[in-house]
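# A look at the structure
Listed here are the chains, written in short residue letters.
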Amino acid sequence: MKFQIASLLLASFCAGSSLAQPTREDLAFAQKVPIADLHMHVYGRGGSQPAVLLPAIKRNNVRWAGGVGNYLDEMAAKLGENYIGTAGQLEYFLIFRDYGPSGLIDPENPLLLKLLEKALIGFEKGTVKGFGEMHTDNHNDLGSKIARAIRADNPAMRKMFQLASRYDGFVQIHVESSPQALEDILRLALDFPRVNIVLSHCMPRSTPVQLAELFANRPNIYCELSATGPVHDVNGKGGRVFTRDGIEPRWKSLIVRFPDRFLLGTDPCCGLENRYDEMVNELRNHFLPALPVDLQEKIAFKNAVQLFRLKE
C-alpha cells in the first residue's frame, strides 16, 4: 500500500511539474542557448543545399550540426570542427535500391564493403564520427520509396558497429519500436559498449516507458528529438513529444529522469527543407522553455559536446 501511495504521489508530481508554466528565465534562456543539431540532413540537391542551410544554421544560433548524411565536403569546410560528419546513409540507400532489403543485411554486399572502406578513411582522418542515419525499420512510412523492415541487429549492421567501436564512434539508427527492435537495440548496446547508439526521432512509435527501460539498462543509448514536434505533424497541430503547449507530461517525466540521454535535432528533409527556421523556433519556443535552464543547456548542446567530443 505504501508503495502504491508513493507511486501515485510521484505520478501526480510529474504531471503537475509537466504542466507548470515556464519562468521568464527559462523562456529567455531558450532563445539564446546555442544548439547542436543531431539530425541535420544536407543532400546537395534540390532545396537541400549548403548554400541554403548554412545561413539558416548561422541565423538560428545552431553551432554544431550533422549526425546524419549526406557527408558533404562543403559543410565540413564551413563548419570545421563543429561538423558532426557521418558515413553510410547514401550508400545504404544505394544498397536498398539495387539489392532490396536482403542486401542491407548481407555482410559481404559489395556496396557495403565500399561503405566500410570509405568510413574507415573518414574515421582515420577524423572527418567522420559515426554512421547515420541508418534506416532499418521505417515500414510505416507509407508510400516512401525507402520504406523497409529489417532487423536492427543483423550481420551487416554489426560490421558497422565493429568499425565504429574501434574509434569510439556512434551509430544513428532509424528503427520503429517493436518487441524485436527493443531487444535488438539492447543486445547491440551490450555487445558494443564503446559505440553510442542514437535513436533517430526517439525511436518512432516508442513509448516513454519503453525508452526508460532502454536507458535504465544500457548507458550507451541516446535519443534525438527531431520530427517529434508540430512542424512534422501532418496536421501542424501536435507532436509526439511536444506541442505548442509544451512537452507532453509522460515525455517530460522521462526527460527529467534521464536528461543526459536526449539530443536536439531538426530533420529538414523530404519537402521540409525550407522550414528549418520553424523547426528551430519550435524547439526554442515550445520544447526548451518547458525545462529548467540546467536541463535546457544539457539537451541543447552539452550532451552532444560530451558525446561527440566537440569543442564549445
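This text gives an overview of the structure that appears in the document. (Residues numbered from 1 in each chain as written. Predicted model: local features only at pLDDT ≥ 70, side-chain atom pairs only at ≥ 80, totals over all residues. Heavy atoms only, no water.)

## Let's talk about the packing of helix α7 (residues 110-125) against helix α8 (residues 155-166)
At a closest axis distance of 11 Å, the pairing of α7 and α8 adopts a crossing angle of 10°. Our classification of the angle between α7 and α8 gives roughly parallel. Residues L112, L113, L116, A119, L120 and F123 of α7 touch α8, and the partners they reach there are A156, K159, M160, L163, A164 and R166. Across the contact of α7 with α8, the residue classes break down as 10 nonpolar, no polar and two charged. (Axes fitted to C-alpha atoms, helices over the stretch in contact; angles between N-to-C directions. Helix = DSSP H or I, 4+ residues; strand = E, 2+ residues; numbered from the N terminus. Parallel < 35°, antiparallel > 145°, perpendicular 65-115°, else oblique. Contact = heavy atoms within 4.5 Å. Nonpolar A, V, L, I, M, F, W, Y, C, P; charged D, E, K, R; others polar.)

## Focus on the pattern of salt bridges
Enumeration according to the criterion identifies 17 salt bridges in this entry. For R97, the salt bridge identified is with D98, shortest N-O distance 2.8 Å. Its relative accessible area of 54% is what places R97 among the exposed residues. Look at D98 and you get partly exposed, because its relative accessible area is 44%. Note that R194 and D168 form a salt bridge whose closest N and O atoms lie 2.7 Å from each other. Of this pair, R194 sits in the loop between α9 (179-191) and β7 (196-199) while D168 sits in the loop between α8 and β6 (170-175), and the two are 26 residues apart along the sequence. For R194, a relative accessible area of 46% gives the class partly exposed. Judged by its relative accessible area of 32%, D168 is partly exposed. (Salt bridge = Lys/Arg side-chain N within 4 Å of Asp/Glu carboxyl O. Buried < 20%, exposed > 50% of the residue type's maximum accessible area, 1.4 Å probe, protein only.)

## A short note on the sheet that holds β7
The parallel open sheet is built from six strands, whose spatial order is β4-β5-β6-β7-β8-β11. Only two strands of the sheet have a single neighbouring strand rather than two, namely β4 (86-88) and β11 (262-263). Relative to strand β8 (residues 221-224), β7 runs parallel, the two sharing three bridges. Residue V198 lies in a different strand from β8, and its bridge partner there is Y222. Across the sheet, α8 lies against β5 (130-137), β6 and β7, angled at about 160° from β5, the strand it touches most. (Pairing = 2+ DSSP bridges.)

## So, the packing of aromatic side chains
Here a ring pair, both rings aromatic, is described through the centre-centre distance and the interplanar angle of the planes. Counted by the stated rule, this structure contains nine aromatic pairs. Ring centres of Y71 and Y83 lie 5.5 Å apart, and the angle between their planes is 50°; on these two criteria the pair is classed as tilted. One end of the pair, Y71, is in the loop between β2 (62-66) and α4 (73-79); the other, Y83, is in strand β3 (residues 83-84), with 12 residues separating them in the sequence. Centre to centre, the rings of F170 and F308 are 4.8 Å apart; their planes meet at 75°, and the pair counts as edge-to-face. Taken as a pair, F170 in strand β6 and F308 in the segment after α13 (293-307) lie far apart in primary sequence, 138 residues in all. Grouping residues by exposure puts F170 and F308 together as buried. Each residue in the set F123, F131 and Y167 is aromatic and connected to the rest through ring pairs, giving one cluster. When the ring centre of F96 is taken as origin, the NZ or CZ atom of R148, which lies over that ring, is 4.2 Å away. Over the aromatic face of Y222 sits the side chain of R261, whose NZ or CZ is 5.9 Å from the ring centroid. (Phe/Tyr/Trp six-rings, centres within 6.5 Å; stacked < 30°, edge-to-face > 60°. Lys NZ or Arg CZ within 6 Å of the ring centre and 35° of its normal.)

## Overview of the pairing of β5
In terms of burial, β5 is a largely internal element, eight of the eight residues being buried. Where β4 and β5 come together, three bridges link them in parallel fashion. Within β5, the residue paired with A87 across the bridge is F131. Two elements, β5 and β6, share five bridges in a ladder whose sense is parallel. If you follow H135 over to β6, its bridge partner there is H174.

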